[in-house]
Amino acid sequence: MFMKLLIVACLAVAVFGRHTFNEEDRNRFKDAFKKTCIKNGAEDKAPQAQAALDTFVDCIKAQIDPDTVKSEIEAARPQGAVDEVFKKYCDKKPAFKSCMTGLFDGVYPCLSADVRGHYGSDINATDRFLNFICHNDGERIALFIAEDGVSCFNEKEKEIVTCVENLRKDVDAEEKVRHMSIDSFCNRLTAMASCTVNALENCSSPTPSNMAESLFKYVKNSTPCKKSEE
């Protein structure tokens, strides 16, 4: 599960945090996917995994474009219809889930057998993420934007990327990933969450950091980390 959540975390930052995913980004991730396939004796599956990355990025971009959303929100504000914009995108939850499932299905054959065994829990985590964001037709998104959440994330982009990079330290070696204990994994995930929240706490509004902290806790409850803390 660690490798898959790592992939998703990195892609989420690239696609949503940075608003762009250029050719250099794609090639970097494709190279990482190929190396993972080779390490697991599945080099023949590398093209499939790399194609899944392209499909995932294009799938997400087909559903949402940050600049378009911003324009729609600005146009809806005078009429007090911002909630309709959020509902429009939250109604696309099945499409967003399909994008994520396609990524998992493409990358899974390149992962070790013990890691592939967590497919169900990863899909569940995806559901929980989408449900959290779209609670009550997106009221959390409305609050996030109203409190300058987007500006906060843009301001702290480099720090958040560093938090994600710290998560992946020393995990390039397949054996380290394969034998990583659940406690070690959960400690890394908790450290990344704390790092991200701490970065956002320096913004003018406490809403972005509070929302990020709540999101991490909500999604973590669908992973084995919940049991490790009980």
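Here, every reference points to the structure presented above.
None of the values given here were measured: they were computed from a predicted structure.

What counts and how
- Residues numbered from 1 in each chain as written.
- Predicted model: local features only at pLDDT ≥ 70, side-chain atom pairs only at ≥ 80, totals over all residues.
- Heavy atoms only, no water.
- Helix = DSSP H or I, 4+ residues; strand = E, 2+ residues; numbered from the N terminus.
- Buried < 20%, exposed > 50% of the residue type's maximum accessible area, 1.4 Å probe, protein only.
- Contact = heavy atoms within 4.5 Å.
- Disulfide = S-S within 2.5 Å.
- Axes fitted to C-alpha atoms, helices over the stretch in contact; angles between N-to-C directions.
- Left-handed = near helix turned anticlockwise from the far one by under 90°.
- Nonpolar A, V, L, I, M, F, W, Y, C, P; charged D, E, K, R; others polar.
- Salt bridge = Lys/Arg side-chain N within 4 Å of Asp/Glu carboxyl O.
- Expected span 1.5 Å × (residues − 1).
- Phe/Tyr/Trp six-rings, centres within 6.5 Å; stacked < 30°, edge-to-face > 60°.
- Lys NZ or Arg CZ within 6 Å of the ring centre and 35° of its normal.

Peer 1: Any chance you could explain the overall build of the protein here in plain terms?
Peer 2: Secondary structure summary: the protein contains 15 helices and zero strands in total. When the 230 residues of the protein are sorted by exposure, 43% land in the buried category. Expressed as a percentage of contacts within the protein between residues at least 6 apart in sequence, the contacts between residues at least 24 apart total 71%.

Peer 1: Would you explain the state of the cysteines in this entry?
Peer 2: Linking two cysteines covalently through their sulfur atoms gives a disulfide. Applying the stated criterion across every chain yields a total of five disulfides. Covalent S-S linkage joins C37 and C110, the inter-sulfur distance amounting to 1.8 Å. The sign of the S-S torsion, about 80°, decides the handedness of the disulfide formed by C37 and C110: right-handed. With C37 in helix α2 (residues 23–39) and C110 in the loop between α6 (93–107) and α7 (113–116), this pair connects stretches of sequence that are 73 residues apart. Residue C37 is classed as buried on the basis of its relative accessible area, which comes to 0%. What makes C110 buried here is its relative accessible area of 1%. The disulfide partner of C152 is C203, and the gap between their sulfur atoms is 1.9 Å. For the disulfide bridge between C152 and C203, the dihedral angle about the S-S bond is near 85°, and by the sign convention the bridge is right-handed.

Peer 1: Any chance you could explain the packing of α2 against helix α3 (residues 46–63) here in plain terms?
Peer 2: It is at 8 Å that the axes of α2 and α3 come closest, and there the two elements cross at 145°. Judged by the twist between their axes, the crossing of α2 over α3 is right-handed. Judged by residue contacts, R26, F29, K30, D31, F33, K34 and C37 of α2 engage A46, A49, Q50, L53, D54, V57, D58 and K61 from α3. Looking at side-chain class alone, the contact of α2 with α3 contains seven nonpolar, one polar and seven charged residues.

Peer 1: Could you clarify how one ought to interpret the side chain of K30 in this entry?
Peer 2: Here K30 is to be found in helix α2. Taking the relative accessible area as the measure of exposure, K30 reaches 18% and is therefore buried. In this structure K30 touches Q50, L53 and D54, once residues within four positions along its chain are discounted.

Peer 1: Can you walk me through the environment of F144 in this structure?
Peer 2: Tracing the chain through its elements places F144 in helix α9 (residues 139–146). Apart from residues no more than four positions distant in its own chain, F144 is found in contact with G149, V150, F153, T207, P208 and M211.

Peer 1: Please explain the side chain of Q63 as it appears in this structure.
Peer 2: Along the chain, Q63 turns up in helix α3. Among all residues touching Q63, those that are not within four sequence positions of it are Y89, K92, A95, F96 and C99.

Peer 1: Looking at this structure, I do not really get the pattern of salt bridges. What am I missing?
Peer 2: A side chain with one charge may pair with a side chain of the opposite charge, provided their charged atoms come close. A full pass over the atoms with the stated rule returns nine salt bridges. Between K30 and D54 there is a salt bridge, with the nearest N and O atoms lying 2.8 Å from each other. Of this pair, K30 sits in helix α2 while D54 sits in helix α3; the two residues are 24 residues apart in sequence, bridging distant segments of the chain. Here K156 ties to E159 by a salt bridge, and the two come within 3.8 Å at their closest N and O atoms. For K156, a relative accessible area of 9% corresponds to the buried category.

Peer 1: I tried to follow helix α8 (residues 119–133) on my own but got confused; where do I start?
Peer 2: Structurally, the α-helix is built with 3.6 residues per turn, so residues lying three or four positions apart point the same way. With 15 residues, α8 extends 22 Å between its outermost C-alpha atoms, agreeing within 8% with the 21 Å of an ideal straight helix rising 1.5 Å per residue. By the burial criterion, the buried members of α8 are S121, D122, I123, A125, T126, L130 and F132.

Peer 1: Looking at this structure, I do not really get the packing of aromatic side chains. What am I missing?
Peer 2: For the structure shown, the criterion picks out two aromatic pairs. Seen in terms of ring centroids, F104 and Y108 are 5.9 Å apart; in terms of plane orientation they differ by 65°. Their pairing is edge-to-face. A relative accessible area of 4% places F104 in the buried class. Among the residues examined, Y108 registers a relative accessible area of 7% and is labelled buried. Ring geometry for F144 versus F153: centroids 5.5 Å apart, planes at 65°, classification edge-to-face. In this structure, R140 packs its charged tip against the face of F132, placed 4.1 Å from the ring centre.

Worth remembering: the numbers are spatial, not functional.
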